[in-house]
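Given next are the chains, with one letter for each unit.
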There are 2 protein chains.
Amino acid sequence: MKLQPIDISKTASAASIVFEALRKAIIEGELIEGTPLRQDEIARLFNTSRIPVREAISRLEEKGLVTSQRFKGAVVAGLNLDELREIFEYRALVETEVIRRAVPNMDQATLDEAKAYFHGLNTTSDPLAWGDLNRGFHERLYRAAGLPYHEEAIGKAMDRVDRYLRAALVRSGNVAKSNAEHLAIWEACAQGDADLAADLTREHINLSCEGLLLNMTRRG
Amino acid sequence: MKLQPIDISKTASAASIVFEALRKAIIEGELIEGTPLRQDEIARLFNTSRIPVREAISRLEEKGLVTSQRFKGAVVAGLNLDELREIFEYRALVETEVIRRAVPNMDQATLDEAKAYFHGLNTTSDPLAWGDLNRGFHERLYRAAGLPYHEEAIGKAMDRVDRYLRAALVRSGNVAKSNAEHLAIWEACAQGDADLAADLTREHINLSCEGLLLNMTRRG
DNA sequence: CGTGCGGAAATTGGATCCCGTCTCTGGGAG
DNA sequence: CTCCCAGAGACGGGATCCAATTTCCGCACG
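Here the structure is a predicted model, which means the values were calculated and not measured.

### Description of the relation of the copies chain A and chain B
Each of the two chain copies can be brought onto the other by rotation about an axis and movement along it.
Reasoning step 1: Once turned by 180 degrees and shifted 0.0 Å along the axis, chain A lies on chain B with an RMSD of 0.1 Å. Such a turn and shift between the copies fits a two-fold axis.

Next up, the structure:
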């Protein structure tokens, strides 16, 4: 009998459930920037007390997804244009290096699973699903680098810009263009051309940043 | 009457006081890896209840400084050699780029204040003070880049390796060598040579990593 | 003598309650 | 009519209490 070892010890604490739910709602854009997080409202929603909610909120604050003021409560954090730009620059820096290191380590399973994400990206029309698949595609490739701290840092940066990315791509049909870039990145990986994959990734990030900024400035 | 505007709203919550104290104790190496963090004990130390302590601990976990298991409590997190190496690679990547971007923006105040940190580094013999000054020196230079997210990311990475760095440098007298590297970096900044400053910073980080790993493997 | 089991103590997770602060509103003064 | 202020309700921070789980220790049994 084979067992998949899962750390059962940290499952299902109320605080972590609330944390994950709020994080998901924020990065998916369901809770928009500035929305106040009322502790007892959230507690009622999850049939729990305010204690786990407070823990969840302080963890979200540590992640930079909410900002809170003493005695005033927490609100969903937002990013101005400069901050957005900077995080994309950061992503371009780190992700470029990570994919460069990942390419030499890529096996067939990595390429196959990434390809599956890519196919999902081409067939789905749901913006939420598209966002998850987009993230899964890149993360699957990065994993081959075997650099967990880098991956964690990338994930944290993605968490901050994810909702803007999803919102910007669904309209202003850059989806097809973005998917074409994904294919080019995948092919570079499959051919083992690390430098090309890195250049394409940098360009992919820069382009999505430009599209995002354009989209945001057009609408004030 | 001139007032220094400080955001009084988020000062002195019990949770943040406990958080900062624990963070300081961990990155200074006072609480060594594996030490369990007993909520009751900490609460007694700070004359408070366990509630703020729990918030502080979950924030520390989000920062990666402690790991906790449900119903078993939290312990100070540690790093193995691979993780240490990776975080230094990460630092080399990000800090190199940040200092490159910082050099063109450096004004006299930046150079003067960094110089003051440098002088402190040369005169102090206290390992704790040395660690703070070292960090202050680099952070002061980085600040000129105007890249707050990058700085935050660097700080998070530093938090994880700080205690190892301090412990390794105090004996095995690489302090003088490290300070010589600091001087070289400072001079490159003063001359406005961004690429040189970047190269020296990368080398500085690589060297401290090598010294650290040597020090750790020698002692098991 | 080692092993396993059972219960008590220790410790964490969560609920409820209280207190300090903020905010909003309504009424009175200018 | 506007502005200001007092007071009440809303809300967050923290304390205390209860429940659930783990850990430790002693004792019986093989």
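Now that the structure is up, let's keep going.
### Some words on the layout of surface pockets
Reasoning step 1: Roughly 660 Å³ of volume is contained in the second largest pocket.
Reasoning step 2: Along the walls of the second largest pocket sit 24 residues, with S13 and E55 of chain A together with S68, Q69 and R70 of chain B positioned nearest its centre.
Reasoning step 3: Listing elements by their share of the lining of the second largest pocket, those giving two or more residues are α1 (14-27) and α3 (50-63) of chain A together with α3 (50-63), β2 (66-69) and β3 (73-76) of chain B.
Reasoning step 4: Sorting elements by how many residues they give to the lining of the second largest pocket places α3 of chain B first, with five residues.

### Observations regarding the sheet that holds strand β2 (residues 66-69) of chain A
All names here are of chain A.
Reasoning step 1: Pairing within the open sheet is antiparallel, and its three strands lie in the order β1-β3-β2. In the strand order of this sheet, the two ends are held by β1 (36-37) and β2, each with one partner.
Reasoning step 2: In this structure, β2 lies alongside strand β3 (residues 73-76), joined through four bridges in antiparallel fashion. Following the sheet pairing, Q69 is matched in β3 by G73.
Reasoning step 3: The strands touched by α3 within the sheet are β1, β2 and β3, with β2 carrying the most contacts at an inclination of about 115 degrees.

### Comments concerning the packing of aromatic side chains
Reasoning step 1: In this structure the tally under the stated criterion is two aromatic pairs over all chains.
Reasoning step 2: Ring centres 5.0 Å apart and planes at 80 degrees place the aromatic pair Y149 of chain A and Y90 of chain B in the edge-to-face group. In this pair, Y149 of chain A is assigned in helix α7 (residues 148-170) and Y90 of chain B in helix α4 (residues 81-102), connecting two distinct chains. Per residue, the accessibility class of Y149 of chain A equals that of Y90 of chain B, and both read buried.
Reasoning step 3: The positively charged end of K115 of chain A is found above the aromatic ring belonging to W186 of chain A, 3.9 Å away from the centroid.

### With respect to helix α9 (residues 194-218) of chain A
Residue and element names in this part refer to chain A.
Reasoning step 1: If you check α9, its first and last C-alpha atoms are 36 Å apart, about what 25 residues at 1.5 Å a residue would give, namely 36 Å.
Reasoning step 2: Restricting attention to buried positions, one finds in α9 the residues A194, A197, A198, T201, H204, I205, C209, L212, L213 and N215.
Reasoning step 3: Against α4 (81-102), α6 (127-143), α7 and α8 (175-190) lie the buried residues of α9.

### Observations regarding the sheet that holds β2 of chain B
What links the strands of a sheet is backbone hydrogen bonding, and the strands pair in either a parallel or an antiparallel sense.
Residues and elements named next belong to chain B.
Reasoning step 1: Strand order in the open sheet formed by three strands is β1-β3-β2, and the pairing between neighbours is antiparallel. Since the sheet does not close on itself, it has two edges, and those belong to β1 (36-37) and β2, each with one partner.
Reasoning step 2: Relative to β3, β1 runs antiparallel, the two being bridged by two bridges. From the neighbouring strand, P36 faces β3, where its bridge partner is V75.

### Digging into the protein's contact with DNA strand C
Reasoning step 1: The environment of DNA strand C is made up of 18 residues, and the closest members are A14, T48 and S49 of chain A together with R50 and R54 of chain B.
Reasoning step 2: The sugar-phosphate portion of DNA strand C accounts for 68% of its atoms within 4 Å of the protein, the bases making up the rest.
Reasoning step 3: Take R70 of chain B: an N or O atom from its side chain is 3.3 Å from a sugar or linking oxygen of DNA strand C.
Reasoning step 4: Residue contributions to the surface near DNA strand C peak at three residues, all from α3 of chain B.
Reasoning step 5: Residues belonging to the surface near DNA strand C are distributed by class as follows: seven nonpolar, five polar and six charged.

### Here's the deal with the protein's contact with DNA strand D
Reasoning step 1: Close contacts around DNA strand D come from 18 residues, with R50 and R54 of chain A together with A14, T48 and S49 of chain B the closest.
Reasoning step 2: Protein-adjacent atoms of DNA strand D, using a 4 Å cutoff, are sugar or phosphate at a proportion of 66%.
Reasoning step 3: Note that a phosphate oxygen of DNA strand D is positioned 2.7 Å from one of the side-chain N or O atoms of T48 of chain B.
Reasoning step 4: With respect to DNA strand D, the backbone of S49 of chain B contributes an N or O atom lying 2.6 Å from a phosphate oxygen.

Each value, and the rule that gives it
- Sequence positions are assigned chain by chain, starting from 1 and proceeding in written order.
- Just so you know, chain letters begin at A and ligand numbers begin at 1, following the order they were written in.
- Reporting of local features is limited, given that this is a predicted model, to residues whose pLDDT is at least 70; pairs of side-chain atoms are given and counted only at 80 or more, and all residues count toward the totals for whole chains, interfaces and linings.
- The side-chain values count all of the structure's non-hydrogen atoms but skip hydrogen atoms and water molecules.
- Here the copies are superposed with least squares, the fitted atoms being C-alpha atoms of residues at a pLDDT of at least 70 in both.
- The definitions used throughout rest on a 1 Å grid laid over the protein atoms alone, on which a cavity is an enclosed set of points accommodating a 1.4 Å probe that cannot get out and a pocket is an open set flanked by protein within 12 Å on both sides along at least five of seven lines; lining residues are those having an atom within 4 Å of a point.
- Grid points are joined across faces, edges and corners, and a volume is the space filled by probe spheres set on the points.
- Only DSSP runs of H or I covering at least 4 residues are called helices, and only runs of E covering at least 2 are called strands; the numbering of each starts at the N terminus.
- Here the rule is simple: two strands pair whenever DSSP picks up at least two bridges between them.
- Contacts are residue-level and defined by heavy atoms, with any inter-residue pair within 4.5 Å sufficient.
- Orientation is described by axes fitted as lines to C-alpha atoms, over the contacting stretch for helices, and by angles from 0 to 180 degrees between their N-to-C directions.
- Pairing of aromatic rings covers Phe, Tyr and Trp, the last through its six-membered ring, and needs centres within 6.5 Å; plane angles under 30 degrees mean stacked, over 60 mean edge-to-face, and all others mean tilted.
- Note on classification: 1.4 Å probe, protein chains only; a residue is buried when its accessible area is under 20% of the maximum for its type, exposed when over 50%, partly exposed between these limits.
- By the criterion adopted, a ring carries a charge over it if an Arg CZ or a Lys NZ lies within 6 Å of its centre and within 35 degrees of its normal.
- In a helix, the anticipated span is given by 1.5 Å times the number of residues less one.
- The near set for a molecule or strand comprises every residue that places at least one heavy atom within 4 Å of it.
- Any N or O atom pair separated by 3.5 Å or less is treated as a polar contact, with the protein-specific requirement of one donor-capable and one acceptor-capable atom, and with residues adjacent in sequence counted only for side-chain atom pairs.
- In the scheme used here, Gly and all other residues not listed as nonpolar or charged are polar, with Ala, Val, Leu, Ile, Met, Phe, Trp, Tyr, Cys and Pro taken as nonpolar and Asp, Glu, Lys and Arg as charged.

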